[in-house]
Amino acid sequence: MNESPVIQTRGLTRYFGAKAAVHDLNLEMPRGCVYAFLGRNGSGKTTTIRLLLGLLEPTRGEGTILGHDIRHLPPEARARIGYLTEEHQLYGWMTVRQCGEFQSKFYPRWNEKIFRGVTGHFNLKPATVVKNLSRGERAGLCLALTLAPEPELLVLDDPALGLDPVAHRSLMESMIYLTRRSDRTIFFSSHQLADVERVADYLAILDRSVLRVSCSLETFRSSVRQVRLQFPGTPPPLPAIPGLLQVFRTESELRLTCVHYNGATEQTLRALSPAQLDLEPLSLEDAFISYLGERGEKSFILSETEAQP
Amino acid sequence: MKALIQKELRENLKLAVLGLIVISAILAIEIHSYSLGMKSLAAGRSEYVNWSALQPLVSPELLMLVAYFCAIFGALLGWFQIHNERHRDLWAFLVHRPATRTQIFLGKLVGGLVLYVLVTGMPLAGLVLWAVVPGHVAAPFEWQMLSPIALFLLSGVIYYLAGMLTGLRQARWYGSRALGLGLAVLVSVEIMDVPYAWQALGVVLIGGSILALAIWGGFHSNGFYRGQPAPGKPALVAALTPGCAFLVFLAFAFVFLGLLHLRDESTDRHFQVTRDGAIYKVIRQPGQPAEIADLEGKPALDPNTGRPAKLEDFNKRACNWISVNPRFDNHRYRYRWYGAARNELFNYYGTTPDTLWYNWNRYGRLVGYDVKTRQVIGSLGPEGFASDLSGNGSRLRIESGRAQVIVDGRILCTPDLEHRDLKELFTVTNEDCAAASLATNPAECVIGAVAPVSMYGSYMASPGSYIEHLNLIVGSGRENDILVVTRCFIRLIAADGTVVWTVPYQPAYPDYNQVRVTRLEATNQFALWLEPSWLIQEKTGGKLASHVIQIDGQGQVLKNIELPDLSYHPRTYSAQDKIMCVSLPPVVTAIIPLFSEQPWLKNIPWVLVGCSLAAALVCLPFGWWLGCRYSLSLPARVGWSVFILFLGIPGLLALLCAEEWPAREICPACQNLRVVDREKCEHCGADFRPPEKTGAEIFEPLAAAK
Amino acid sequence: MINLNINTGSNTPIYRQITDQVRLAVASGRLTVDDPLPSIRALAERLVINPNTVARAYADLAREGLIESRAGRGVFVTRKRKMFTREEGWRRLEPLMETVIGEAMVLDFTPQELREAFEKKLAQWKNAKGGD
């Protein structure tokens, strides 16, 4: 079993104009896992995927995918990588059957049973023209086309975008189905944290073009903690805390989220003499939002507008 | 790859069918209008006949339509083939598959070319088939006539490639994307310019290879300049440069000629003969009224006002000339291949009530086509009429546009088409030349030029009605006279063959190869003007004088005046020439003589090349500076600099269009601006600093699945 | 086979939801010794979650001595072995008791009411277990 990472980058950077869309990315993705790639819109996720698949030239840095340099992916490597774009775009004039026939001529390992299975599951008739398919049906067809060559690495760019719940569930089921074989790896970017929670082993977070998180789901959840401090009166100002994410202040309470909560942090907090100090659990979604949200003291987005009489 | 080709065929079928309909309609209309013209001619009416389209395969309208169609359809097809993927973000889908980019490129190319060939080839093949089968077209056919159509078809492929490149290129402004079309335009202009058809083919192949290579590179780099394999970059630059050159040239023309009205401002000096036989010298300096004075220096006066004459009024009194350039060798002026295919193979000669007659150079005979059946009825040659095309193999010498034919070089005949016979008018004998005591080779004693008076001369001093003009030359009743120039004599011959007057051809050919004849006001007086050839003037530096010879109605010389050559002067270039050359690449300025069929090395316009080179030298440091600023590699900088040196301002523009400029940031180590695409700072060698940590990073090594 | 559900977006990680549900089922008698549990793969596909999550849940349960994997035949509930010391057991119980008592106080139940409800619940469980 090949133990080298499926995807590896070193200093991968891409500029658009004067701005870096991906900045100094150092990623390592081992074989056989499900890797979720998260970040806000415009943080560089799609750019990263395009760089990894040789669809965009890096400004500097390097990377390998399945052991091949990303700048010169040979056809054999591409045969082993399945790529699903977020738009689920296909040639509008082809029928479902023609799409399958077209793709099958290129891939040596085309599995027609999988193709029929997935298209059947999405209720796609072979004679329907792609133009007349709904978004979800198109996604199903794209999924069928991507899964049929039995790729070792599946790269999905926001695969659930625009899918109805049934199609969405089918997508999730397909991803789980793929994990049957331990040499299959899935790399997907998503905004659906529920999906991430379900299927991902590891997650990575891109914050404004920079990779800030790469760890298992467990580690992330345990690293981001929420602390509630209750005070008898108005809470005092908060001193600097390393790893502080967000602070919510109410009349008698300070709620803060931070990373790497440890003894020193607790000491600092206790020094404020709260009446009560509780560590509270966070859902993955809340942890993610507070990690990527605006740092510092926060109030609800529209509350300033209400302050005026 | 076969799957790709099939997909391309299916995907672009709609556009192909549309194109097929358009070209078929165009050709059908041409065929129909030809048939209509022929049918009406058979019925005796000639107003529907398109006299320039007697052989539709070489008619200017048809060729223009074919050329435009091939170019437009080709460009659209190429562009759409890329647009199909680009505009729906399907590029990733196309490219991410187990096939090399070269295979994908070839798949598109082959698919597109098959469609192009079918759409343009099938209807044109149909047209050719129709024209070739006897009984459809009442005009000569030679396979060589197909070369213009064939080459326009090929140049359409260049447009196809240019369209594909336009769709493929990722460039900020759409205008920069479309620069590839400049190369296509250059190719389609040049193929008509070159002397031989195989050279035109070479031009097409070179242009096509450049574009194909640029597109191939673009497939590898997804349309960007950077990331291409090595041959793609120079090909792309070469593909863009002609477009840049056009832009720069147009910009200069707009500014200097359009806005600033810079014009060729040189003094014009020439002699003019008025109808009374007097000779005047006309000097026109820019911005000043013309000075007109006679040979003694007396200014010409307006007869009505007594004041110095104005040029327009003076020109009304000037003579109109018949002008011929006699030729005494067998060398025919060689059109460039394009013109040859259209003009040199045959010419329309005339019509008799049911026959169209052509001068067919291949056989050297007058060939007749029956208008009703549109088939050959026979040919007229020196020995008379034969019912096939070549008769006994003997040939006539027929000048295009002249009614008279020459047999054997010495006998001037007028063809009588009604009776399918030749009527002899005049014969040259050796005694002619011997009598004039000229030691000439008998073989040279041939007819050099023939000019029916009814074809008016080339220099018309003032516009006037045709009849009035004829009268000016020879007077009424003499419209059918013929001017005949032999090696030794210049003669005017009446329509029945009697010689009106004979004048020795002195000074002789080849130094003097321009002969002009006109009639003067006084009854039966004529003037001849013999001018030296441009070649001899170049050689002697303009020393030879032209001669104006005044004769009476019998050929007696009354006056023989020598006039110095005013219009020859050493080649100088106007400010307009120099400024427009600043906009041209130095290599183009250096090869300008090639276009005028002069020996190249002797005639390189060094002054103009200097202007272009000066512009290139100004652009060079700017190009070098750009290379340094954006930290291009040394070979790249040198390469661009050499390129700009050879290609001037367009080269710099091509650099700006093609290259992709990396961003620059401040290096924290040395505080200079450094480019972002190099690992180490080009000034201090420091690496890039990784982005600042926020303290909130969460990293752990990831283990593979068990 | 037992019916397990999971929720995403909860404060409890998915693997813990599984272990909690299995534990509850065992404790309430819905699962008894030698009852089979779905295989890791089957459960993962049914719940549409990563098999590693299921694997982790099963590993935790196995460590607690609640289930065991029998070679070739699958995962079964096993006789409860004493995996926890008394102290550990109380440590696990304390926070749960806090939650119940705290909630009851907020809802204005008196301690006496709470005690009575507790006794009733215990009796119910005893009956359910006894009734099997």
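Residues numbered from 1 in each chain as written. Chains lettered and ligands numbered in written order. Predicted model: local features only at pLDDT ≥ 70, side-chain atom pairs only at ≥ 80, totals over all residues.

**Q** Even after reading the chapter, I still don't get the overall build of chain B, so can you show me in this structure?
**A** Of the regular secondary structure elements, chain B holds 20 helices and 24 strands. Among the 706 residues that make up chain B, the fraction classed as buried is 37%. Partitioning the contacts of chain B with sequence separation of at least 6, the portion at a separation of at least 24 is 59%. (Helix = DSSP H or I, 4+ residues; strand = E, 2+ residues; numbered from the N terminus. Buried ≥ 20, exposed ≤ 12 C-beta atoms within 10 Å, placed from the backbone. Contact = placed C-beta atoms within 7 Å.)

**Q** I would appreciate a short explanation of the overall build of chain A in the present structure.
**A** When you go through chain A residue by residue, the secondary structure sums to 11 helices and 16 strands. Across its three principal directions, the C-alpha atoms of chain A cover 70 × 40 × 40 Å. The burial tally for chain A puts 48% of its 309 residues in the buried class. Put simply, of all contacts in chain A between residues at least 6 apart along the chain, 70% involve residues at least 24 apart.

**Q** Even after reading the chapter, I still don't get the domain arrangement of chain A, so can you show me in this structure?
**A** How big an interface is tends to be expressed through the accessible area that disappears when the partners come together. Residue and element names in this part refer to chain A. Taken domain by domain, chain A consists of domain 1 (7–208) and domain 2 (222–307). If you look at the interface, domain 1 gives 7 residues, while domain 2 gives 5 residues. The leading source of residues in the side of domain 1 that touches domain 2 is helix α7 (residues 193–199), at 3 residues. Here the side of domain 1 that touches domain 2 is composed, by residue class, of 4 nonpolar, no polar and 3 charged. (Domains from an automatic or database assignment. Nonpolar A, V, L, I, M, F, W, Y, C, P; charged D, E, K, R; others polar.)

**Q** Could you clarify how one ought to interpret the interface of chain A and chain C in this entry?
**A** Listed per partner, the contact involves 19 residues of chain A and 14 residues of chain C. At the level of secondary structure, the elements contributing two or more residues to the side of chain A that touches chain C comprise α6 (165–178) and α7 of chain A. Among the elements that line the side of chain A that touches chain C, the one with the most residues is α6 of chain A, at 5 residues. For the side of chain A that touches chain C, a count of residues per class yields 9 nonpolar, 2 polar and 8 charged.

**Q** I would appreciate a short explanation of the interface of chain B and chain A in the present structure.
**A** The interface of chain B with chain A comprises 38 residues on the first partner and 46 residues on the second. If you list the elements that add at least two residues to the side of chain B that touches chain A, you get α1 (2–11), α4 (91–95) and β24 (698–699) of chain B. Across the side of chain B that touches chain A, the residue classes tally to 21 nonpolar, 6 polar and 11 charged.

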